[in-house]
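Next come the chains, spelled out residue by residue.
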Amino acid sequence: MNWDETGTDTGDLADERLEDRLVAAGADGEDTAVEAALRPKDLDEFVGQEKVREQLDLVLRAARARGATADHVLLSGAPGLGKTTLSMIIAAEMNAPIRITSGPAIQHAGDLAAILSSLQEGEVLFLDEIHRMSRPAEEMLYMAMEDFRVDVIVGKGPGATAIPLELPPFTLVGATTRAGLLPPPLRDRFGFTGHMEFYEPPELERVIHRSAGLLDVAIDAAGAAEIAGRSRGTPRIANRLLRRVRDYAQVKADGRIDREVAAAALRVYEVDARGLDRLDRAVLGALLKLFGGGPVGLSTLAVAVGEERETVEEVAEPFLVREGLLARTPRGRVATPAAWAHLGLVAPQHGAKGQQGLFGA
């Protein structure tokens, strides 16, 4: 966890900044409301994640055939790829109610005990950001998952008494964006683990066509492809861009979305052909124009773009690295040839401006 001089969690500040961006993978209030209407209701409607979907289908079918609750499920992957949607589908496929909470909301073991003791038999408990749960609650969860029992501590000091509380069989669905932070004892208690991958453009086109139908938006194949190519492999971003392009089409066009309308709308919202927004291009522009492509330290780069160090590292860099536009090296951040090409600039020869190449040439 990163803290600034005021005692504020700078990781949370980066999260807040991320939520302000049109291409942010996190959900804001508007996304949450719209996603409820756009979410698929069963595995047959769910687009993409073929391996996870096939494996999960087997797990759920077998559980239904046995007349038992499904094994505990752990879903990992970047935000916006469908972890919450799959948890709701699991509940629907098992014909069971679902309870939704999150790791940061469970700060004490008593918070978790209150939730677990109120579960019905077969109910699905969805625990988002499970890696951020407090350690005492995490240790209580071990016994609940394995033995369907928790020990509630009554009293304090030498007179404290542990009262065993039996729980009805339930299915825990945990979701995390950082699976590496989960302790092995917790990971081992999940019967099924699925990793969510980023979507390919054809899969995102199917997502966009389905959402357009539900939103009553007229869109052709070329328009869907244009939006899909700028969606960073993430359905949540694809749906958000679709809504903004819809707004543009209703005001500036005839309400129909084709390639030209989609491209014009996303130029207004400063999302380029590869899905980079203003912050991404500012980071790349500073790296190329001010520092000759690097290497340059993260703090220096952040100052150059007028952002916090954590914002550049946690919000902008992951996508730039994944796109092959930026590399992290022991000597600092370095632009790749693809970055120069994307911004239409010519890379200097090795040694220009006193800079050395990536391998010291």
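My aim in this report is to walk through the structure given alongside it, one point at a time. (Residues numbered from 1 in each chain as written. Predicted model: local features only at pLDDT ≥ 70, side-chain atom pairs only at ≥ 80, totals over all residues. Heavy atoms only, no water.)

## Some details on the overall build of the protein
This is how the line gets drawn: Comment: elements are numbered from the N terminus, with helices defined as DSSP H or I runs of at least four residues and strands as E runs of at least two. We call a residue buried when its accessible area falls under 20% of the maximum for its residue type, exposed when it is over 50%, and partly exposed in between, using a 1.4 Å probe and counting protein chains only. Two residues qualify as a contact provided that any one of their heavy atoms is within 4.5 Å of a heavy atom in the partner residue. For every accessible area listed, the method is Shrake-Rupley and the probe measures 1.4 Å; residues are considered covered only by the protein chains on display.
If you tally the helices and strands in the protein, you get 15 helices and 11 strands. Relative to its 361 residues, the protein shows a buried fraction of 47%. Within the protein, counting contacts between residues at least 6 apart in sequence, those at least 24 apart form 69% of the total. On the protein, roughly 17300 Å² of surface is accessible, and the fraction owed to carbon and sulfur atoms is 52%.

## What about the nonpolar core?
Side chains of a nonpolar character, in soluble globular proteins, are inclined to be buried together. The test is simple: Residues grouped as a nonpolar core are buried Ala, Val, Leu, Ile, Met, Phe, Trp, Tyr and Cys residues, joined through side-chain atoms within 4.5 Å.
If you look at the biggest cluster of nonpolar residues, it comprises 45 residues, and the most contacted ones within it are Leu86, Ile208, Ile219, Ile227 and Ile257. Looking at which element gives the most residues to this core, the answer is helix 10 (residues 235-252), with 6 residues. In this structure Ile208 touches Ile219, Ala224, Ile227, Ala228, Ala238 and Leu242, once residues within four positions along its chain are discounted. By size, the runner-up hydrophobic cluster in this structure holds 24 residues, among which are Leu74, Val150, Leu172 and Leu182.

## Considerations on the pattern of salt bridges
Inclusion rule: The term salt bridge refers to a side-chain nitrogen of Lys or Arg lying within 4 Å of a carboxyl oxygen of Asp or Glu.
Following the criterion strictly, the structure yields 18 salt bridges and no others. Put simply, Arg53 and Glu50 hold a salt bridge, and the shortest N to O gap is 2.6 Å. Here the residue Arg53 and the residue Glu50 both occupy positions in helix 3 (residues 50-66), the gap between them amounting to 3 residues, near one helical turn. Arg259 is the salt-bridge partner of Glu226, the closest N and O atoms lying 3.0 Å from each other. In this pair, Glu226 is assigned in helix 9 (residues 221-228) and Arg259 in helix 11 (residues 259-268), connecting sequence segments 33 residues apart. Here Glu226 falls in the buried class, since its relative accessible area comes to 14%. On the basis of relative accessible area, Arg259 is assigned to the partly exposed category, the value being 38%.

## Describing helix 8 (residues 201-215)
For clarity, the threshold we go by: An expected span of 1.5 Å times one less than the residue number is assigned to each helix.
Taking 1.5 Å of rise per residue, 15 residues should cover 21 Å, and helix 8 covers 20 Å from first to last C-alpha, within 8% of that figure. Downstream of helix 8 by a residue or two, Asp216 has a phi angle that is positive, lying close to 60 degrees.

## Regarding the sheet that holds strand 6 (residues 171-176)
Definition in use: Strand pairing requires that DSSP identify at least two bridges connecting the strands. Interaxial angle, 0 to 180 degrees, is taken between N-to-C directions of lines fitted to C-alpha atoms, where a helix line uses only the stretch in contact.
Within the open sheet, the 5 strands sit side by side as 2-3-6-1-7. Their pairing is parallel. The sheet is open, and its two edges are formed by strand 2 (98-102) and strand 7 (192-195), each paired on a single side. Each adjacent strand pair in this sheet contributes to an overall mean axis angle of 15 degrees, direction not counted. Note that strand 1 (residues 73-76) and strand 7 share 4 bridges and pair parallel. Bridge pairing in strand 7 links Leu75 to Gly194.

## Observations concerning the pairing of strand 1
Here strand 1 shows a buried face lined by Val73 and Leu75 and a second buried face lined by Leu74 and Ser76. Strand direction decides the pairing type here: strand 1 and strand 6, joined by 4 bridges, are parallel. Bridge pairing links Leu75 to Ala175 in strand 6.

## Topic: the pairing of strand 6
Buried residues dominate strand 6, accounting for 6 of its 6 residues. The side-chain alternation of strand 6 yields two buried faces, one formed by Thr171, Val173 and Ala175 and the other by Leu172, Gly174 and Thr176. When strand 3 (residues 124-128) meets strand 6, the two strands line up parallel, connected through 4 bridges. Along strand 6, the bridge assignment pairs Leu125 with Leu172.

## Digging into the environment of Gly332
With respect to the helices, strands and loops of the structure, Gly332 is situated in strand 11 (residues 332-335). Exposure remark for Gly332: the relative accessible area of 7% places this residue in the buried category. Distance from Gly332 to Leu298, taken between C-alpha atoms, is 6.8 Å for residues 34 residues apart in sequence. Once residues within four sequence positions are removed from consideration, Gly332 is found in contact with Pro295, Val296 and Ala327.

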